[in-house]
Amino acid sequence: MRYDALIVGAGPAGSAAARLLSQAGWHVALIEKARFPRRKVCGEFISASTLPVLEACGVASAFAVAAGPPVTRVGIYAGNTMLAAPEENAWGRALGREHLDLLLREAAVAAGAQLFQPAEIKALRRDGDGFVCALEEAEVAARIIIAACGSWNTGGVFALPFEPAPSDLFAFKAHFTASRLPPGLMTLLAFPGGYGGLVHSDAGRTSLSCCIRRDALARVRTRHAGKAGIAVLAHIMDTTRGVREALSAAALEGSFLSTGPIHPGVRALHKDGIFFAGNIAGEAHPIIAEGISMAIQASGLLVRLLIAHRGEGYARAWTRRFAPRIRAASIFAHLAMHDATRGASLALLHAAPGLVSLGARLSGKSVSVPSL
């Protein structure tokens, strides 16, 4: 069967693109190798600037019902510092990926996208002015390919090979119930060797997500017993007063998830007729909590251009919109992970706490996205 577009990956980027193209009349195939629902390492936060794309996908109301309470303040927990910005704003809300991915995937299917799940592309070849993809039990052809299969692929057609390095980041995520994180607050965590975030998510849960350097993780595991996630939690609790106060009486729900290594940066955006969206295209340091938002917004951008027959401008438009956030995230991550820069940064923030809100704006949380 031949499609106008074949989208690889039914996460937020892929499903958003599938929904938007399908409702514009395109014949779309959506391929996902994992079964849903699935938990996934993710900060879960969706910035308010993503709302126009969710509205265009027809899921804004359902998201508002399912998501956690609005985030109205941003702050920083580092060492003994517990700092919250004085400014209140509608920064966004958080929703677990086991819910968000289903919401967007079902919206794509409802709009007419043909879902292949679980399914994986075994081979990809050019065929005239399009492509032919071999699945396990079928072949599908498409005029264009959108790769939205994430950046942590170690095999397959869109694998991203990396050489190990001491500075590699490994990510961990867990949910807690009965936390004491103040209402409406999303806080950045800066601790030796890494950074993270705490936010109120759906169903009364608090989500803890973090990244830690490979070399720092090795040192942590020599000091703390147990699995890696539990050792990282003990390290954060030991070094970060705000987390101790927020989670000392909380209960861990389920187990820690982990993944990595994470390699932030800009990668291929449009190559050999294939468009890339989501983290496989470009990935910011998770310190700015914009990963899912950028993925969804980038899909909205790509679809706008494809519908207008201006897909050749995608790389330039993506770079203009998202590269500044990736650069800002890299700076913030460096300041947070190293002892000397972390201390100097905290001193500055104590003197001018409004800079915390400025950082949130620079990361894209208040940048409007054009309607589709």
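Preceding this paragraph is the structure being described.
Everything quoted here is computed from the prediction, not taken from an experiment.

Visitor: Mind laying out the environment of Arg-126, listing which residues take part and the relevant values?
Guide: Along the chain, the position of Arg-126 falls in strand β8 (residues 123-127). Polar side-chain contacts of Arg-126 include one of 2.8 Å to the backbone oxygen of Asp-272.

Visitor: So what's going on with the packing of aromatic side chains? Residues and values would help.
Guide: Two descriptors summarise a pair of aromatic rings, namely the distance from one centre to the other and the angle between the planes of the rings. A complete count under the given rule lists five aromatic pairs for this structure. Centroid distance Phe-158 to Phe-276: 6.1 Å. Interplanar angle 90°. Geometry classified as edge-to-face. You can see Phe-158 sitting in the loop between β10 (139-147) and β11 (169-177) and its partner Phe-276 sitting in strand β18 (residues 274-276), a full 118 residues away along the chain. This pair shows no difference in class: Phe-158 is buried, exactly as Phe-276 is. Just above the ring of Trp-26 sits the side chain of Arg-143; from NZ or CZ to the centre is 4.7 Å.

Visitor: Please provide a residue-by-residue account of empty space enclosed by the protein, values included.
Guide: Counted by the stated rule, this structure contains one cavity of 30 Å³ or more. Estimated volume of the largest cavity: approximately 30 Å³. If you trace the largest cavity, you find it lined by Gly-278, Asn-279, Gly-282, Gly-291, Met-294, Ala-295, Ala-298 and Trp-318. It is helix α8 (residues 291-307) that provides the largest number of residues to the lining of the largest cavity, a total of four residues. Each residue belonging to the lining of the largest cavity can be placed in one class, and the counts come to four nonpolar, four polar and no charged.

Visitor: Residues and numbers for the state of the cysteines, please.
Guide: Applying the stated criterion across every chain yields a total of zero disulfides. There is no disulfide at Cys-42, and the cysteine sulfur nearest it, in Cys-211, is 11 Å away. Judged by relative accessible area, which is 10%, Cys-42 ranks as buried. Its sulfur unpaired, Cys-210 is 6.9 Å from the next cysteine sulfur, which belongs to Cys-211. Judged by relative accessible area, which is 4%, Cys-210 ranks as buried.

Visitor: So what's going on with α8? Residues and values would help.
Guide: Compared with an ideal rise of 1.5 Å per residue, which puts 17 residues at 24 Å, α8 spans 25 Å between its outermost C-alpha atoms and is within 8% of the ideal. The buried count for α8 comes to 14 of 17 residues, which makes it a mostly enclosed element. Directly after α8, the chain includes His-309, whose backbone phi takes a positive value near 60°.

Visitor: Report on the pairing of strand β14 (residues 205-213), specifying residues and quantitative values.
Guide: Judged by how many residues are buried, β14 sits mostly within the fold: nine of nine residues are covered. Neither face of β14 is open: one carries Arg-205, Ser-207, Ser-209, Cys-211 and Arg-213, the other Thr-206, Leu-208, Cys-210 and Ile-212, and all of them are buried. Bridging between strand β13 (residues 194-200) and β14 involves seven bridges; their strand directions are antiparallel. Within β14, the residue paired with Leu-198 across the bridge is Leu-208. Between β13 and the antiparallel strand that follows it, β14, lie four residues; Ala-203 among them carries a positive phi value of about 55°.

Visitor: Which residues make up the packing of helix α5 (residues 214-223) against helix α6 (residues 228-239), and what are the values?
Guide: Where α5 contacts α6, the axes come no closer than 9 Å and their chain directions differ by 90°. Relative to α6, α5 is oriented roughly perpendicular. Here Leu-217, Val-220, Arg-221 and Arg-223 of α5 come into contact with α6, specifically with Ala-228, Ala-231, Val-232 and His-235. Looking at side-chain class alone, the contact of α5 with α6 contains five nonpolar, one polar and two charged residues.

Visitor: A description of the sheet that holds strand β15 (residues 251-262) should follow, citing residues and the corresponding values.
Guide: The seven strands are arranged β5-β4-β12-β13-β14-β11-β15 in an open sheet whose pairing can be described as mixed. Unpaired on one side and paired on the other, β5 (81-84) and β15 mark the two borders of the sheet. When strand polarity is set aside, the average angle formed by the axes of neighbouring strands in this sheet is 15°. Along the sheet, α5 contacts β11, β14 and β15; its crossing angle with β14, the most-contacted strand, is approximately 110°. α6 contacts β11, β12 (185-191), β14 and β15 of the sheet and is inclined by roughly 95° relative to β14.

Visitor: Before we move on, could you go through the side chain of Gln-297 and cite the residues and values that matter?
Guide: One can find Gln-297 in helix α8. Judged by its relative accessible area of 1%, Gln-297 falls in the buried class. Polar side-chain contacts of Gln-297 include one of 3.0 Å to the side chain of Arg-325.

Visitor: Break down unusual backbone geometry for me, citing the residues and quoting the values.
Guide: Between Gln-117 and Pro-118 the backbone carries a cis peptide bond, its omega angle lying at -5°. Looking at the element boundaries, Pro-118 is found in the loop between β7 (114-116) and β8. The omega torsion across Gly-260 and Pro-261 is 0°, close enough to zero to call that bond cis. For Pro-261, the location among the structural elements is in strand β15. A positive phi angle is found at Glu-44, which is not glycine, with a value near 75°.

Parameters and conventions
Residues numbered from 1 in each chain as written. Predicted model: local features only at pLDDT ≥ 70, side-chain atom pairs only at ≥ 80, totals over all residues. Heavy atoms only, no water. Helix = DSSP H or I, 4+ residues; strand = E, 2+ residues; numbered from the N terminus. Polar contact = N/O pair within 3.5 Å; in protein donor to acceptor, adjacent residues only side chain to side chain. Phe/Tyr/Trp six-rings, centres within 6.5 Å; stacked < 30°, edge-to-face > 60°. Buried < 20%, exposed > 50% of the residue type's maximum accessible area, 1.4 Å probe, protein only. Lys NZ or Arg CZ within 6 Å of the ring centre and 35° of its normal. 1 Å grid on protein atoms, 1.4 Å probe; cavity = no way out; pocket = protein on both sides within 12 Å on 5 of 7 lines; lining within 4 Å. Points joined across faces, edges and corners; volume = space filled by probe spheres on them. Nonpolar A, V, L, I, M, F, W, Y, C, P; charged D, E, K, R; others polar. Disulfide = S-S within 2.5 Å. Expected span 1.5 Å × (residues − 1). Pairing = 2+ DSSP bridges. Axes fitted to C-alpha atoms, helices over the stretch in contact; angles between N-to-C directions. Parallel < 35°, antiparallel > 145°, perpendicular 65-115°, else oblique. Contact = heavy atoms within 4.5 Å.

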